[in-house]
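Fold and geometry: a report
Okay, here's what each chain looks like letter by letter:
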Amino acid sequence: MINEDELVKHRARMAWGQRLRITWLSHSEPEQIGLAPEPEPLYRLSRWSRAVSGPSRAVATLAGGFAHKATKDIIWNGYLIPKGATVMGNIWAVGRDPEVFPDPENFNPQRWINEEGKVREELRAYTFGFGRRVCPGQHIATASVFVNTALIHWAFRVKTDPSAPIDDLAFTESANTHPLPFKVNFEPRVAATTEGIRELLEDYGV
Ligand code: HEM
(Lines give C-alpha, C1' and ligand atoms only; values in the text may rest on other atoms or scores of the structure.)
Protein backbone atom coordinates (compact mmCIF):
# COMPACT_ATOMS: atom_id res chain seq x y z
CA MET A 1 0.00 0.00 0.00
CA ILE A 2 1.18 3.54 -0.76
CA ASN A 3 1.18 5.59 2.45
CA GLU A 4 -0.20 9.12 2.67
CA ASP A 5 3.21 10.82 2.33
CA GLU A 6 4.00 8.89 -0.83
CA LEU A 7 0.60 9.75 -2.22
CA VAL A 8 1.12 13.47 -1.59
CA LYS A 9 4.55 13.37 -3.26
CA HIS A 10 3.17 11.38 -6.16
CA ARG A 11 0.33 13.88 -6.63
CA ALA A 12 2.83 16.77 -6.62
CA ARG A 13 4.86 15.09 -9.37
CA MET A 14 1.81 14.28 -11.45
CA ALA A 15 0.47 17.83 -10.98
CA TRP A 16 3.77 19.19 -12.25
CA GLY A 17 3.69 16.91 -15.30
CA GLN A 18 0.09 17.89 -15.91
CA ARG A 19 0.96 21.58 -15.69
CA LEU A 20 3.82 21.11 -18.17
CA ARG A 21 1.46 19.39 -20.57
CA ILE A 22 -1.27 22.02 -20.18
CA THR A 23 1.32 24.75 -20.74
CA TRP A 24 2.34 23.03 -23.97
CA LEU A 25 -1.26 22.64 -25.10
CA SER A 26 -2.14 26.23 -24.31
CA HIS A 27 0.83 27.43 -26.38
CA SER A 28 -0.09 25.29 -29.39
CA GLU A 29 -2.32 26.03 -32.34
CA PRO A 30 -5.28 23.57 -32.34
CA GLU A 31 -3.98 21.84 -35.47
CA GLN A 32 -0.59 21.32 -33.82
CA ILE A 33 -1.80 19.43 -30.79
CA GLY A 34 -1.46 16.03 -32.45
CA LEU A 35 2.10 16.87 -33.48
CA ALA A 36 5.17 16.43 -31.37
CA PRO A 37 6.20 19.75 -29.84
CA GLU A 38 8.99 21.33 -31.88
CA PRO A 39 12.05 22.67 -30.02
CA GLU A 40 11.23 26.33 -30.72
CA PRO A 41 7.68 26.41 -29.27
CA LEU A 42 8.95 24.20 -26.46
CA TYR A 43 11.40 26.90 -25.49
CA ARG A 44 8.60 29.45 -25.44
CA LEU A 45 6.97 27.48 -22.62
CA SER A 46 6.82 29.16 -19.26
CA ARG A 47 10.11 29.78 -17.52
CA TRP A 48 8.41 28.15 -14.56
CA SER A 49 8.21 24.77 -16.26
CA ARG A 50 11.75 25.03 -17.54
CA ALA A 51 13.12 26.12 -14.22
CA VAL A 52 11.73 23.28 -12.18
CA SER A 53 12.77 20.66 -14.71
CA GLY A 54 16.44 21.46 -14.33
CA PRO A 55 17.72 21.47 -10.80
CA SER A 56 17.86 18.06 -9.20
CA ARG A 57 17.58 19.10 -5.58
CA ALA A 58 15.71 16.20 -4.07
CA VAL A 59 18.18 13.65 -5.38
CA ALA A 60 21.37 15.34 -6.54
CA THR A 61 22.92 13.57 -9.55
CA LEU A 62 26.36 14.26 -8.17
CA ALA A 63 25.95 14.33 -4.41
CA GLY A 64 29.48 15.40 -3.52
CA GLY A 65 30.72 17.51 -6.43
CA PHE A 66 34.35 17.38 -7.54
CA ALA A 67 37.44 18.18 -5.49
CA HIS A 68 38.54 21.84 -5.44
CA LYS A 69 41.68 23.33 -3.91
CA ALA A 70 41.81 26.47 -1.72
CA THR A 71 44.03 29.04 -3.48
CA LYS A 72 44.64 30.97 -0.23
CA ASP A 73 44.02 30.66 3.52
CA ILE A 74 40.30 31.15 4.19
CA ILE A 75 38.62 31.72 7.57
CA TRP A 76 35.06 30.43 7.51
CA ASN A 77 32.81 30.30 10.57
CA GLY A 78 35.87 30.40 12.82
CA TYR A 79 37.64 27.55 10.97
CA LEU A 80 40.84 27.94 8.97
CA ILE A 81 40.80 26.31 5.55
CA PRO A 82 44.52 26.43 4.68
CA LYS A 83 45.82 27.25 1.22
CA GLY A 84 46.13 24.03 -0.77
CA ALA A 85 43.43 22.15 1.20
CA THR A 86 41.05 19.97 -0.81
CA VAL A 87 37.48 21.24 -0.54
CA MET A 88 34.37 19.48 -1.78
CA GLY A 89 30.94 21.09 -1.79
CA ASN A 90 28.35 18.79 -0.25
CA ILE A 91 25.62 19.26 -2.85
CA TRP A 92 23.29 16.76 -1.16
CA ALA A 93 23.47 18.67 2.14
CA VAL A 94 23.06 22.10 0.48
CA GLY A 95 19.79 20.89 -1.05
CA ARG A 96 18.59 19.75 2.36
CA ASP A 97 19.29 22.93 4.33
CA PRO A 98 15.88 23.55 5.95
CA GLU A 99 16.56 27.28 6.24
CA VAL A 100 16.77 27.53 2.46
CA PHE A 101 14.52 24.62 1.51
CA PRO A 102 11.85 24.27 4.24
CA ASP A 103 10.57 20.71 4.64
CA PRO A 104 13.44 19.49 2.44
CA GLU A 105 12.26 15.89 2.02
CA ASN A 106 9.08 17.08 0.38
CA PHE A 107 8.95 17.25 -3.43
CA ASN A 108 7.51 20.70 -3.97
CA PRO A 109 8.21 22.35 -7.34
CA GLN A 110 6.50 25.51 -6.06
CA ARG A 111 9.51 26.20 -3.82
CA TRP A 112 11.42 27.44 -6.89
CA ILE A 113 8.93 30.28 -7.40
CA ASN A 114 8.82 33.48 -5.34
CA GLU A 115 5.75 35.37 -4.15
CA GLU A 116 5.63 37.34 -7.40
CA GLY A 117 5.46 34.11 -9.40
CA LYS A 118 9.03 34.50 -10.65
CA VAL A 119 11.72 31.84 -10.67
CA ARG A 120 14.08 32.12 -7.69
CA GLU A 121 17.26 32.21 -9.78
CA GLU A 122 19.42 32.53 -6.66
CA LEU A 123 18.52 28.96 -5.64
CA ARG A 124 19.23 27.19 -8.88
CA ALA A 125 22.97 27.18 -9.32
CA TYR A 126 24.41 24.82 -6.74
CA THR A 127 23.53 21.40 -8.25
CA PHE A 128 26.07 22.02 -11.01
CA GLY A 129 28.97 22.81 -8.71
CA PHE A 130 30.85 25.96 -7.83
CA GLY A 131 33.42 28.45 -9.06
CA ARG A 132 35.74 28.11 -12.03
CA ARG A 133 35.17 24.36 -12.33
CA VAL A 134 31.38 24.67 -12.42
CA CYS A 135 29.73 22.16 -14.78
CA PRO A 136 30.10 23.37 -18.38
CA GLY A 137 27.31 21.00 -19.43
CA GLN A 138 24.64 22.57 -17.20
CA HIS A 139 22.70 24.26 -19.99
CA ILE A 140 22.60 21.21 -22.25
CA ALA A 141 21.69 19.08 -19.19
CA THR A 142 18.83 21.38 -18.14
CA ALA A 143 17.53 21.70 -21.71
CA SER A 144 17.73 17.96 -22.23
CA VAL A 145 15.83 17.13 -19.01
CA PHE A 146 13.20 19.71 -19.91
CA VAL A 147 12.70 18.56 -23.53
CA ASN A 148 12.57 14.89 -22.56
CA THR A 149 10.13 15.51 -19.70
CA ALA A 150 7.89 17.63 -21.92
CA LEU A 151 7.89 15.02 -24.69
CA ILE A 152 7.12 12.18 -22.27
CA HIS A 153 4.14 14.06 -20.84
CA TRP A 154 3.00 15.05 -24.33
CA ALA A 155 3.13 11.45 -25.51
CA PHE A 156 2.00 9.44 -22.48
CA ARG A 157 -0.01 9.48 -19.32
CA VAL A 158 2.51 8.18 -16.82
CA LYS A 159 0.90 6.32 -13.94
CA THR A 160 2.32 4.56 -10.95
CA ASP A 161 1.32 0.99 -10.27
CA PRO A 162 -0.25 0.77 -6.78
CA SER A 163 0.98 -2.82 -6.54
CA ALA A 164 4.61 -1.69 -7.08
CA PRO A 165 5.24 1.44 -4.95
CA ILE A 166 8.34 3.43 -5.91
CA ASP A 167 11.15 3.79 -3.39
CA ASP A 168 12.20 7.45 -3.83
CA LEU A 169 15.61 6.75 -2.32
CA ALA A 170 16.56 3.68 -4.37
CA PHE A 171 19.61 4.91 -6.27
CA THR A 172 22.91 3.44 -7.45
CA GLU A 173 25.87 4.01 -5.15
CA SER A 174 27.94 5.58 -7.90
CA ALA A 175 29.59 9.00 -8.32
CA ASN A 176 26.80 9.95 -10.74
CA THR A 177 23.65 8.50 -9.23
CA HIS A 178 21.00 6.74 -11.30
CA PRO A 179 17.62 5.51 -10.08
CA LEU A 180 17.37 1.77 -9.61
CA PRO A 181 14.72 0.18 -11.85
CA PHE A 182 11.14 1.04 -10.92
CA LYS A 183 7.77 0.36 -12.45
CA VAL A 184 5.36 2.88 -13.98
CA ASN A 185 2.73 2.44 -16.66
CA PHE A 186 2.95 4.47 -19.87
CA GLU A 187 -0.47 5.00 -21.45
CA PRO A 188 -0.24 6.47 -24.97
CA ARG A 189 -2.20 9.75 -25.10
CA VAL A 190 -1.56 11.38 -28.50
CA ALA A 191 -1.86 8.20 -30.55
CA ALA A 192 -3.61 4.91 -29.97
CA THR A 193 -0.40 2.91 -29.65
CA THR A 194 3.25 3.32 -28.76
CA GLU A 195 4.02 2.58 -32.44
CA GLY A 196 1.76 5.52 -33.41
CA ILE A 197 3.71 7.80 -31.07
CA ARG A 198 6.97 6.57 -32.56
CA GLU A 199 5.70 7.58 -36.01
CA LEU A 200 4.71 11.05 -34.75
CA LEU A 201 8.15 11.47 -33.22
CA GLU A 202 9.92 10.51 -36.43
CA ASP A 203 9.14 14.01 -37.72
CA TYR A 204 10.83 15.34 -34.62
CA GLY A 205 14.04 13.45 -35.39
CA VAL A 206 14.21 11.36 -32.20
C1 HEM B 1 21.94 16.87 -14.65
C2 HEM B 1 23.12 16.70 -15.26
C3 HEM B 1 24.44 17.16 -14.69
C4 HEM B 1 24.78 17.47 -13.39
C5 HEM B 1 23.91 17.47 -12.15
C6 HEM B 1 26.18 17.85 -13.41
C7 HEM B 1 26.90 18.25 -12.29
C8 HEM B 1 28.25 18.54 -12.30
C9 HEM B 1 29.00 18.91 -11.13
C10 HEM B 1 28.44 19.06 -9.72
C11 HEM B 1 30.27 19.11 -11.51
C12 HEM B 1 31.43 19.50 -10.58
C13 HEM B 1 31.59 21.00 -10.58
C14 HEM B 1 32.55 21.44 -9.51
O15 HEM B 1 33.70 20.99 -9.53
O16 HEM B 1 32.18 22.26 -8.65
C17 HEM B 1 30.34 18.86 -12.94
C18 HEM B 1 31.49 18.96 -13.69
C19 HEM B 1 31.54 18.73 -15.03
N20 HEM B 1 30.49 18.46 -15.87
FE21 HEM B 1 28.58 18.19 -15.31
N22 HEM B 1 26.66 17.77 -14.70
C23 HEM B 1 25.64 17.36 -15.51
C24 HEM B 1 25.68 17.18 -16.89
C25 HEM B 1 26.79 17.39 -17.66
C26 HEM B 1 26.81 17.30 -19.11
C27 HEM B 1 25.56 17.00 -19.98
C28 HEM B 1 28.09 17.56 -19.50
C29 HEM B 1 28.68 17.61 -20.87
C30 HEM B 1 27.97 17.81 -21.98
C31 HEM B 1 28.88 17.80 -18.31
C32 HEM B 1 30.24 18.07 -18.28
C33 HEM B 1 30.97 18.33 -17.15
C34 HEM B 1 32.43 18.53 -17.14
C35 HEM B 1 33.36 18.48 -18.35
C36 HEM B 1 32.79 18.79 -15.82
C37 HEM B 1 34.20 19.07 -15.27
C38 HEM B 1 34.48 20.56 -15.29
C39 HEM B 1 35.86 20.88 -14.74
O40 HEM B 1 36.35 20.17 -13.86
O41 HEM B 1 36.46 21.88 -15.17
N42 HEM B 1 28.06 17.71 -17.21
N43 HEM B 1 29.09 18.53 -13.40
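Because the structure is predicted, anything quoted here is derived from the model rather than measured. (Residues numbered from 1 in each chain as written. Predicted model: local features only at pLDDT ≥ 70, side-chain atom pairs only at ≥ 80, totals over all residues.)

1. Looking at the site of the ligand
In the region of the ligand, 16 residues are neighbours, and F66, G129, C135, G137 and A141 sit closest. Partitioning the shell around the ligand into residue classes produces 9 nonpolar, 6 polar and 1 charged. (Near = placed C-beta within 6 Å. Nonpolar A, V, L, I, M, F, W, Y, C, P; charged D, E, K, R; others polar.)

2. Brief notes about the environment of A141
Within the secondary structure, A141 is located in helix 5 (residues 138-155). A tally of 16 C-beta atoms within 10 Å means that A141 is categorised as partly exposed. (Helix = DSSP H or I, 4+ residues; strand = E, 2+ residues; numbered from the N terminus. Buried ≥ 20, exposed ≤ 12 C-beta atoms within 10 Å, placed from the backbone.)

3. Describing the environment of R57
Tracing the backbone shows R57 in the loop between helix 3 (47-53) and strand 1 (68-69). In the structure, R57 is positioned 70 residues away from T127 in sequence and 6.9 Å away in space, judged by C-alpha atoms. Excluding residues that lie within four positions of it along the chain, R57 makes contacts with G95, F101 and T127. (Contact = placed C-beta atoms within 7 Å.)

4. Quick word on the pairing of strand 6 (residues 184-188)
Little of strand 6 is tucked away: 0 of the 5 residues are buried. Where strand 5 (residues 156-160) meets strand 6, 5 bridges bridge the pair, whose relative direction is antiparallel. In the strand pairing of strand 6, F156 is matched with P188. (Pairing = 2+ DSSP bridges.)

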